[in-house]
Amino acid sequence: MAERELALVLHDIAPETWEDYRPFVEAVDALGSVPMTWLVVPDFHHCSATFEDPELPALLEQRLARGDELTLHGYYHCDDAPPPRTPREWFMRRIYTYEGEFYALDQQQARQRLEAGIELFRQRNWPLHGFVAPAWLLSSGARAALRELPLSYTSDPQHLYRLPDFTPIRAPSLVWSARSRWRRGMSWAVNETARLRHRHQPLLRLGLHPVDMRHQLSRRYWLDTLKRLLDAGYTPTTKVDWLQRRGQRINNASASHGHL
Ligand SMILES: [Zn+2]
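This structure is a prediction, so every number in the text was calculated from the model and none was measured.

Visitor: Would you mind showing me how to read the overall build of the protein chain here?
Guide: Helix and strand counts for the protein chain stand at nine helices and ten strands. Taking 2.2 N^0.38 as the reference for a compact globule, 260 residues should give roughly 18 Å; the C-alpha atoms of the protein chain span a radius of gyration of 18 Å, in line with that estimate. Split into buried and exposed, the 260 residues of the protein chain put 50% on the buried side. Charge-centre separation for the protein chain: the mean point of 33 positive side chains lies 8 Å from the mean point of 31 negative side chains.

Visitor: Sorry if this is basic, but what is going on with a nonpolar patch on the surface here?
Guide: Side chains of Trp90, Phe91 and Ile95 sit close together on the surface and give an oily, nonpolar patch of about 320 Å² of accessible area. Mapped onto the secondary structure, Ile95 falls in helix 3 (residues 87-96).

Visitor: Help me out: how do you make sense of the pairing of strand 9 (residues 203-208) in this one?
Guide: Extensive coverage of strand 9 is indicated by the burial of six of its six residues. Alternating positions in strand 9 separate into two faces, Leu203, Arg205 and Gly207 on one and Leu204, Leu206 and Leu208 on the other, with burial throughout. Here strand 8 (residues 173-175) runs beside strand 9; their pairing, made up of three bridges, is parallel. Bridging across to strand 9, Ser173 finds its partner in Arg205.

Visitor: Hey, could you run me through the packing of aromatic side chains in this one?
Guide: Here the distance between the centres and the angle between the planes together describe a pair of aromatic rings. Applying the stated criterion to the full structure yields nine aromatic pairs. Taking 4.9 Å as the distance between ring centres and 75° as the angle between the ring planes, the aromatic pair formed by Tyr75 and Tyr76 counts as edge-to-face. Here Trp176 and Tyr221 contribute two aromatic rings whose centre-to-centre distance is 5.2 Å and whose plane-to-plane angle is 45°, an arrangement assigned as tilted. Here Trp176, found in the loop between strand 8 and helix 6 (181-197), pairs with Tyr221, found in helix 8 (residues 216-231); they are 45 residues apart in sequence, far enough to count as distant. Here Arg143 stacks its cationic end above the ring of Phe166, 4.1 Å away from the centre of that ring.

Visitor: Can you help me understand the coordination of the zinc ion in this one?
Guide: As a benchmark, a tetrahedral metal site with four donors has ideal angles of 109.5 degrees, while an octahedral site with six donors has ideal angles of 90 or 180 degrees. The protein atoms that coordinate the zinc ion are Asp12 (OD), His73 (NE2) and His77 (NE2), at distances spanning 1.9 to 2.1 Å. Read from N- to C-terminus, the donor residues coordinating the zinc ion fall into the pattern D-x60-H-x3-H. Here the residue Asp12 occupies a position in strand 1 (residues 5-13), and His73 occupies one in the loop between strand 3 (69-72) and helix 3, the gap between them amounting to 61 residues. Each member of the pair Asp12 and His73 is classed as buried.

Visitor: Just to check I follow, could you spell out the pairing of strand 6 (residues 159-162) for this structure?
Guide: Side-chain positions along a regular strand alternate between the two faces of the sheet. Bridge count between strand 5 (residues 153-155) and strand 6: three bridges; the pairing is antiparallel. Directly across from Tyr153, in strand 6, lies its bridge partner Arg162. Between strand 5 and the antiparallel strand that follows it, strand 6, lie three residues.

Visitor: Explanation requested: the environment of Glu3 in the structure shown.
Guide: Within the secondary structure layout, Glu3 lies in the segment before strand 1. Counting along the chain gives 62 residues from Glu3 to Ala65, while the straight-line C-alpha distance between them is 26 Å. In contact with Glu3, not counting residues within four places along its chain, are Pro202 and Thr235. Within the structure, the side chain of Glu3 is placed 3.3 Å from the side chain of Thr235, a separation counted as a polar contact.

Visitor: Would you explain helix 6 in this entry?
Guide: An α-helical turn contains 3.6 residues, so a residue and the one three or four places further along point in the same direction. For helix 6, built from 17 residues, the straight-helix expectation of 24 Å at 1.5 Å per residue is met to within 8% by its first-to-last C-alpha distance of 25 Å. Buried within helix 6 are the following residues: Arg184, Ser187, Asn191, Glu192, Ala194 and Arg195. Lining the buried residues of helix 6 we find strand 8, strand 9 and helix 8.

Visitor: Can you help me understand the layout of surface pockets in this one?
Guide: Gaps between atoms show up when a probe of the same size as a water molecule is rolled over them. Considering only enclosed or pocket space, the largest pocket measures out at about 820 Å³ in volume. Taken together, the elements giving at least two residues each to the lining of the largest pocket come down to strand 1, helix 1 (15-29), helix 3 and helix 7 (210-213). Taken together, the residues of the lining of the largest pocket break down into 14 nonpolar, seven polar and nine charged.

Visitor: Please explain empty space enclosed by the protein as it appears in this structure.
Guide: Under the criterion given, the structure shown has one cavity of 30 Å³ or more. In this structure, the largest cavity is lined by Val9, His11, Leu39, Val132, Trp136, Ser155, Ser173, Arg205, Gly207 and Lys239. Breaking the lining of the largest cavity down by element, the ones donating at least two residues are strand 1 and strand 9. Partitioned by chemical class, the residues of the lining of the largest cavity number four nonpolar, four polar and two charged.

Visitor: So what exactly am I meant to see when it comes to the nonpolar core here?
Guide: A general trend in soluble globular proteins is that nonpolar side chains are found buried together. Counting residues in each nonpolar core, the largest one holds 53 residues, and the members touching the most others are Leu8, Trp38 and Leu206. If we ignore the near neighbours within four places in the chain, the residues touching Leu8 are Phe24, Val28, Val34, Pro35, Met36, Thr37, Leu206, Leu208, Leu226 and Thr237. Judged by nonpolar contacts, the second largest core, of 13 residues, contains Ala7, Val9, Ala171 and Val240.

Here is what the cut-offs are and how they apply
For every chain, the first residue of the written sequence is number 1, and numbering continues from 1 onward in sequence order. pLDDT decides what is reported in this predicted model: residues at 70 or higher carry local features, side-chain atom pairs at 80 or more are listed and counted, and totals for whole chains, interfaces and linings draw on all residues regardless. Each side-chain value is derived from all of the structure's non-hydrogen atoms; neither hydrogens nor water enter the calculation. Strands here are runs of E lasting at least two residues and helices are runs of H or I lasting at least four, both read from the DSSP assignment and numbered beginning at the N terminus. This radius of gyration counts C-alpha atoms alone. The globule rule is 2.2 Å times how many residues there are, raised to the power 0.38. Accessible area is worked out with a 1.4 Å probe on protein chains only. A residue is then buried under 20% of its type maximum, exposed over 50%, and partly exposed in between. Counting rule for charge: Lys and Arg are taken as positive, Asp and Glu as negative, and neither His nor the chain ends is counted. Where a charge lies is defined by one atom per residue type, namely NZ (Lys), CZ (Arg), CG (Asp) and CD (Glu). Note on patches: the residues involved have over 30% relative accessible area and no salt bridge, like charges join within 9 Å, and the nonpolar side chains Val, Leu, Ile, Met, Phe, Trp and Tyr join within 5 Å. Exposure was quantified through the Shrake-Rupley algorithm and a 1.4 Å probe, taking into account, for residues, occlusion by the shown protein chains and nothing else. Each salt bridge in this description consists of a side-chain nitrogen of Lys or Arg and a carboxyl oxygen of Asp or Glu lying within 4 Å of one another. Whether two strands pair depends on DSSP finding at least two bridges between them. Two aromatic rings from Phe, Tyr or Trp, using only the six-membered ring of Trp, form a pair when their centres are within 6.5 Å; if the ring planes differ by under 30 degrees the pair is stacked, by over 60 it is edge-to-face, and anything between is tilted. The criterion for a charge sitting over a ring is simple: Lys NZ or Arg CZ within 6 Å of the ring centre, and within 35 degrees of the ring normal. Nitrogen, oxygen and sulfur within 2.8 Å of a metal are treated as its donors, or within 3.2 Å for sodium, potassium and calcium (Na, K, Ca); water is not counted, so a site can appear incomplete. Whether two residues are in contact is decided by their heavy atoms: any pair within 4.5 Å suffices. As used in this structure description, the phrase polar contact means that two N or O atoms lie within 3.5 Å; if the pair is within protein, one of them must be able to donate a hydrogen and the other to accept it, and residues adjacent in sequence are counted only when both atoms belong to side chains. By this rule the span expected of a helix is its residue count minus one, scaled by 1.5 Å. The definitions used throughout rest on a 1 Å grid laid over the protein atoms alone, on which a cavity is an enclosed set of points accommodating a 1.4 Å probe that cannot get out and a pocket is an open set flanked by protein within 12 Å on both sides along at least five of seven lines; lining residues are those having an atom within 4 Å of a point. Grid points are joined across faces, edges and corners, and a volume is the space filled by probe spheres set on the points. In the scheme used here, Gly and all other residues not listed as nonpolar or charged are polar, with Ala, Val, Leu, Ile, Met, Phe, Trp, Tyr, Cys and Pro taken as nonpolar and Asp, Glu, Lys and Arg as charged. Among buried residues, those of type Ala, Val, Leu, Ile, Met, Phe, Trp, Tyr and Cys that are joined through side-chain atoms within 4.5 Å constitute a nonpolar core.

Dropping the structure here:
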């Protein structure tokens, strides 16, 4: 079988959520060298300033040193734009999620928040390649802003997109909906079905959320699934490492093609 890789992705990293993740990260570290991609929120819900925290930046720096990736994940994460005006907007911003920070921003607003986040990474000298929108929702203005900035990719649940041209690359995710008991029950079956359906994909992403860590069923699912995929021969990687290697393979292939 062709080589398969997995990317373990931790959403919503902020001082407020770190305690939820800590035991899980320790359990993953105990498995050996499993690189992770950390989706960092600069100021989660306006009350959890990651870059001013006394401990989290140092911890993230240690993660970078061991080969993990840090990605920008919104700025505040929550959607605090003026109330929705159309039924579709109301559905997307009140029923589907309250967390679509970049769903209602125009280009200039999106660009300001992106630049503020990029600047925080720059001040710390942290390499930054990717931006993941909260709830994966991007307005057309936010998409336009992303085309103008020095970032190399963004993503939604099924794809990575190379920037600035949004070239899609298929890379499905497993994701839980852990907000209620019945959703958690459904998530187990939904994710197992997805894992089997996507077993021939070169990259499978495991998209974890802090709420998953608060429930035994989802926490166990993630650790068991990670172990099972590693046993099945999946190589763990970060998103940016996978993208860079994939780009090199394509370049090599087209270069050798050119010599024919
Ligand atoms: Zn998020």
